[in-house]
Amino acid sequence: HYFSSIVGATDAEEDKPSGVPLHFALRNSGIQASVDVWMVGDSMTDVHAALNAGCEPHFYGEYKIDDSIEQDSRLKKPLNRFINHAEMHESLLRIL
């Protein structure tokens, strides 16, 4: 009951890093892609998909982040990174 849409590989016309899968996931929600929409992912492909869709990327996990992403003009603020569920939960509580 937490998700109204789940999109996997090949469900949309294009796959990540295109923003099309994010637009596909939002299509029936009444929500427009924007920096108010978080895309939480665990790879640089997910980060680029969020940016390509016009959403705000958040990185989850301990994997290496390409430092050049901070120079991407589509990134409106420093990339949020969560190492574990507790960090992500705490961050969500602060904004809700």
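The rules behind the values
Residues numbered from 1 in each chain as written. Predicted model: local features only at pLDDT ≥ 70, side-chain atom pairs only at ≥ 80, totals over all residues. Heavy atoms only, no water. Pairing = 2+ DSSP bridges. Helix = DSSP H or I, 4+ residues; strand = E, 2+ residues; numbered from the N terminus. Axes fitted to C-alpha atoms, helices over the stretch in contact; angles between N-to-C directions. Contact = heavy atoms within 4.5 Å. Buried < 20%, exposed > 50% of the residue type's maximum accessible area, 1.4 Å probe, protein only. Right-handed = clockwise from strand over helix to strand, strands pointing away. Polar contact = N/O pair within 3.5 Å; in protein donor to acceptor, adjacent residues only side chain to side chain.

Chemist: Could you clarify how one ought to interpret the sheet that holds strand β3 (residues 80-82) in this entry?
Modeler: In a beta sheet, neighbouring strands pair by backbone hydrogen bonds and run either parallel or antiparallel. In space, the three strands of this open sheet follow the order β1-β2-β3, with parallel pairing throughout. Either end of the sheet is taken by a strand with one partner, and the two such strands are β1 (38-41) and β3. Neighbouring strand axes in the sheet, compared pairwise and without regard to direction, differ in orientation by 25° on average. Here three bridges tie strand β2 (residues 56-60) to β3, and the two strands are oriented parallel to one another. Residue pairing in the sheet places Y60 in a bridge with F82 of β3. Each of β1 and β2 touches helix α2 (residues 44-53); the most contacted strand, β2, lies at about 165° to it. Across the sheet, helix α3 (residues 85-95) is in contact with β1, β2 and β3; its angle to β3 comes to roughly 135°.

Chemist: Is there a simple way to explain the pairing of β1 in this structure?
Modeler: Each regular strand carries side chains that alternate between the two faces of the sheet. Burial of the side chains of β1 is restricted to one face: M39 and G41 are buried, whereas none of W38 and V40 on the reverse face is. When β1 meets β2, the two strands line up parallel, connected through four bridges. Of the residues in β2, the one forming a bridge with M39 is P57. Where the polypeptide runs from β1 across α2 and back to β2, its parallel neighbour, the crossover connection is right-handed.

Chemist: I tried to follow the side chain of H58 on my own but got confused; where do I start?
Modeler: Here H58 lies in strand β2. A residue is classified by how much of its surface remains accessible, and H58, at 1% relative accessible area, is buried. A polar atom in the side chain of H58 sits 3.2 Å from the side chain of W38. Here the side chain of H58 touches N80 through a polar contact of 3.2 Å, side chain to side chain. Among all residues touching H58, those that are not within four sequence positions of it are W38, M39, V40, G41, L79, N80 and F82.

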